[in-house]
Amino acid sequence: MAKNTYDSKAIEVLSGLDPVRKRPGMYTDTSCPNHLIQEVLDNSVDEAIAGHCSNIKIKIQKDGFILVSDDGRGMPVDIHPEHKVSGVELILCKLHAGAKFSGDEYSFSGGLHGVGVSVVNALSDALQVNIKRDSCEHEMHFDNGDKKNELKVIGEVGIRNTGTTIKFKPNPKYFESDQIKVKELKHLLKAKAVLCPGLTIDFHNEKNKEKIKWFFEDGLKSYLEEASDGIDLVLEESILSSKDSKTQEVEFVINWTGRPPKNKLDETYVNLIPTAQGGSHLNGFKSGLLEALKEFCEYRSLLPKGLKLNAEDAINNAVFVVSSKMQNPQFAGQTKERLDSKDHMSFVSSSTKDVLSIWFNKHTEEGEKIAELAIISAQARAKASSVVERKKTFKGPALPGKLSDCNSGDLNKTELFLVEGDSAGGSAKQARERSFQAIMPLRGKILNTWDLESDEIIKSQEIKNLSTAIGVLPGNADISSLRYGKICILADADSDGLHIATLLCALFLRHYKPLVNEGRIFIAMPPLFRIDCGKDVLYALDEKQKEKTVKEFKSKKGKPKINIQRFKGLGEMNPSQLRETVMDPDTRQLVRLSISATDNANAMMDLLLSKKNAPARKEWLEKKGSLVRI
């Protein structure tokens, strides 16, 4: 129960690393510890970009510790003149402490906010740092982010033997899973080596005795060819370009395929940090490519009358990597998945257009093949649009009758919840914030759209209503008419609900890919259990979380009475519970639907949903069915 009084005594100021421990999700990806490794790695890579480091080693130890070492200059060990502690302690124990704000020490860097490695310290059971610098080796230990001992010299080293080694063990209580996603980590390490020629990266996994070393002389070009192995590329020689100025650089490699592969290479980086959601550099690249291709098509009269190309048509069949470097990049958040530096977009766009315009005019035969691919994409898009228009699906102002719309039209605020059934829809309508949250009840399980074309699925009334509500046609690359900034799948936490959520995810992955790429699709995580212990009330997403919560309650003094309620569905939750757990932005948990080059999402969805894969699905269920947890 909230207090009626509100005065200055209620204001709480978190100090040191407490803000990270209080709200870890604001500072890192809490699904697993991979992002902690990336934070430490990025500091070493920044040394490599600056020309001070040529070797980085990463080791996953059997005891759960992770070790990252480099041969850079080593963290500063002298006493800071203002804060009166060593540079090492300042970096590891204080938020927003770093040498990358001014740009004097690093022209281009990934560490920008001075919070990365201190977040690692805050969320680790234990952390040890060793610095080789000034002919000495220094060592310092931390427990749960707190200093265990002062920085001390433990030995002598050669004057040229420098570098930093950080060994840490992530605290499992801050993460949904304490298991490192090794496949994704290896992909990241390989990409870092590709994007930083001259850098050698060694990886050692003690758990399975795997050892890999990456070193690329040819950089992006060899990376694209290796990643596209087995795919028929249109160009024998991929287009590689690099352009720089005093404050920013862009390098890209691009080729095309006859038909879009399921897992094509389409990666973007900023200062060697992967930007899974793209942003300014990707938008600039698309814009430059489109302008160069349109100019080529118009000059050679290749476009059919009335047909217009858009950026998705131009890039639909492309495989590419874009790597930007810039001073003071502006990211959308601490996890740096999307670049928001608007001025960089024009630099990338003009650089890309200049290079590709010259290339198209020098390679007219290959240019016409690429133009043909874009024209076919535009024609298919126009056909899908015209089919819907003939059926008058989107004609007139009427929105679906069951849609409870919101008042705001601001894409930065509006949210649409796709809810399973009228009962849950009724609760959600009472729980929502009418100003920016809209509710669209769905009638049971929607059509399995994975094997179908976009012009077929629009015949389904449920999908027709959904498409009308969000304002975008299935299969349409143009999403400028989108009505909501976030589209949230809200289904029951049981197996039926998971099936419905899977079908909706398949719909968006197959027929609304631009919305997924822009990070517009989310899955709400409603609880399966409510656990009451005295005045304390907690919710659990699954059995494992329930057992953990009950165990914590039982550890309290005395013998508290614990009451557990299992929700049969969203309709069983009262509006206040629904608001608190899945709709209030301050307390809910949303998972963004995203895909990366390492996810193999299409293959998995084929296995789960394709009618052609029934035998393989049966075999998979026989082998893996016992692993399912509800």
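Residues numbered from 1 in each chain as written. Predicted model: local features only at pLDDT ≥ 70, side-chain atom pairs only at ≥ 80, totals over all residues. Heavy atoms only, no water.

Q: Help me understand the overall build of the protein chain in this model?
A: Across its full length, the protein chain holds 19 helices and 22 strands. Residues counted as buried form 49% of the 630 residues belonging to the protein chain. Sequence separation of 24 or more characterises 68% of the internal contacts of the protein chain that already satisfy a separation of 6 or more. For the protein chain, the accessible surface area stands at approximately 31600 Å², while carbon and sulfur atoms represent 47% of it. (Helix = DSSP H or I, 4+ residues; strand = E, 2+ residues; numbered from the N terminus. Buried < 20%, exposed > 50% of the residue type's maximum accessible area, 1.4 Å probe, protein only. Contact = heavy atoms within 4.5 Å. Areas by Shrake-Rupley, 256 points an atom, 1.4 Å probe, with all protein chains shown as cover.)

Q: Looking at this structure, I do not really get the pattern of salt bridges. What am I missing?
A: Opposite charge on two side chains permits pairing when their charged atoms draw close. Taken as a whole and judged by the stated rule, the model has 18 salt bridges. Here the residues in one salt-bridge network are Glu89, Lys147 and Glu150, joined through shared partners. (Salt bridge = Lys/Arg side-chain N within 4 Å of Asp/Glu carboxyl O.)

Q: Got a minute to help me understand the environment of Val419 in this structure?
A: One can find Val419 in strand β15 (residues 415–420). Note: C-alpha distance between Val419 and Ile500 (81 residues apart in sequence) is 9.9 Å. In this view, Val419 contacts Ala424, Gly425, Ala428, Ile439, Met440, Pro441, Leu442, Leu490 and Leu570; residues no more than four positions away in its chain are not counted.

Q: What should I look at first to understand empty space enclosed by the protein in this one?
A: To find leftover empty space, a probe the size of one water molecule is rolled over the atoms. Inspection of every chain in the model, using the stated rule, returns two cavities of 30 Å³ or more. Roughly 50 Å³ of volume is contained in the largest cavity. What lines the largest cavity is simply Asp492, Ala493, Asp494, Pro526, Pro527, Leu528, Phe567, Lys568, Gly569, Leu570 and Met573. (1 Å grid on protein atoms, 1.4 Å probe; cavity = no way out; pocket = protein on both sides within 12 Å on 5 of 7 lines; lining within 4 Å. Points joined across faces, edges and corners; volume = space filled by probe spheres on them.)

Q: For this particular structure, what's the right way to read the nonpolar core?
A: Ranked by internal contacts, the top residues of the largest apolar core, which has 58 residues, are Ile56, Val129 and Phe168. Ranked by residues supplied to this core, first place goes to helix α5 (residues 182–195) with seven residues. With sequence-adjacent residues up to four places away left out, Ile56 is seen in contact with Leu41, Ser44, Val45, Val68, Ser69, Asp70, Leu199, Thr200, Ile201 and Asp202. With 38 residues, the next largest nonpolar core counts Leu416, Leu482, Ala491 and Cys505 among its residues. (Core = buried A, V, L, I, M, F, W, Y, C linked by side-chain atoms within 4.5 Å.)

Q: When you look at helix α16 (residues 543–554) in this model, what are you seeing that I'm missing?
A: Residue pairs three or four apart in sequence face the same way in an α-helix, which turns once every 3.6 residues. The terminal C-alpha atoms of α16, which comprises 12 residues, lie 16 Å apart, in line with the 16 Å expected from a rise of 1.5 Å per residue. Of the positions making up α16, those classed as buried are Lys546, Thr549, Val550 and Phe553. For α16, the buried positions fall inside an angular range of 100° around the axis, keeping them on one side. Exposed residues on α16 whose side chains face more than 90 degrees from its buried face are Lys544, Glu547 and Lys551. Tucked inside the fold, the buried residues of α16 contact β19 (529–533), β20 (536–540) and β21 (562–566). Where α16 begins, the capping side chain belongs to Asp542, and its oxygen is found 3.3 Å from the backbone nitrogen of Lys544. (Expected span 1.5 Å × (residues − 1). Arc of directions from axis to C-beta. Polar contact = N/O pair within 3.5 Å; in protein donor to acceptor, adjacent residues only side chain to side chain.)

Q: Can you help me understand the packing of aromatic side chains in this one?
A: Any aromatic ring pair is given by two values, namely how distant the centres are and how the planes are angled relative to each other. Here the structure, examined in full by the defined rule, presents seven aromatic pairs. Judged by centre distance (6.4 Å) and plane angle (35°), the rings of Phe203 and Trp214 are tilted. Here Phe203, found in strand β8 (residues 200–205), pairs with Trp214, found in strand β9 (residues 210–214); they are 11 residues apart in sequence, far enough to count as distant. Accessibility expressed as a relative area gives 9% for Trp214, which makes it buried. Taken together, a centroid distance of 5.4 Å and an interplanar angle of 25° make the contact between Phe296 and Phe360 stacked. Taken together, the residues span a long stretch of sequence, with Phe296 in helix α7 (residues 280–299) and Phe360 in helix α9 (residues 342–362) at a distance of 64 residues. Over the aromatic face of Phe65 sits the side chain of Lys167, whose NZ or CZ is 5.3 Å from the ring centroid. Seen from the ring of Phe529, Lys546 lies directly overhead, with NZ or CZ sitting 4.8 Å from the centre. (Phe/Tyr/Trp six-rings, centres within 6.5 Å; stacked < 30°, edge-to-face > 60°. Lys NZ or Arg CZ within 6 Å of the ring centre and 35° of its normal.)

Q: Would you take a moment to explain the pairing of strand β11 (residues 248–256) for this structure?
A: Every regular strand shows the same layout, with side chains that alternate between the two sheet faces. Most of β11 is tucked away: seven of the nine residues are buried. Two elements, strand β10 (residues 239–244) and β11, share six bridges in a ladder whose sense is antiparallel. For Ser241, the partnering residue across the bridge sits in β11 and is Phe252. In sequence, β10 turns back onto β11 through a hairpin of three residues. Of the strand pairs in this sheet, β11 and strand β14 (residues 318–326) are connected by nine bridges, and their pairing is antiparallel. Note that in β14 the partner of Val253 across the bridge is Val321. (Pairing = 2+ DSSP bridges.)

Q: Please explain the packing of helix α2 (residues 34–49) against α5 as it appears in this structure.
A: Between two packed helices, the angle of one axis relative to the other and the distance separating the axes together describe the packing. One way to put it is that α2 packs onto α5 with a least axis distance of 11 Å and a crossing angle of 15°. The angle between α2 and α5 places the two elements in the roughly parallel class. Relative to α5, α2 is oriented so that their crossing is right-handed. Contacts between α2 and α5 involve Asn34, Ile37, Gln38, Leu41, Asp42 and Val45 from the first element and Glu184, Leu185, Leu188, Leu189 and Lys192 from the second. (Axes fitted to C-alpha atoms, helices over the stretch in contact; angles between N-to-C directions. Parallel < 35°, antiparallel > 145°, perpendicular 65-115°, else oblique. Left-handed = near helix turned anticlockwise from the far one by under 90°.)

Q: Help me out: how do you make sense of the sheet that holds β10 in this one?
A: Strand pairing within a sheet occurs via backbone hydrogen bonds; the two strands may be parallel or antiparallel. Across the sheet, five strands lie side by side as β10-β11-β14-β12-β13; this open sheet has mixed pairing. Only two strands of the sheet have a single partner each, and these edge strands are β10 and β13 (273–274). Lying over the sheet, helix α6 (residues 220–227) contacts β10, β11, β12 (266–270) and β14, oriented at roughly 35° with respect to β11.

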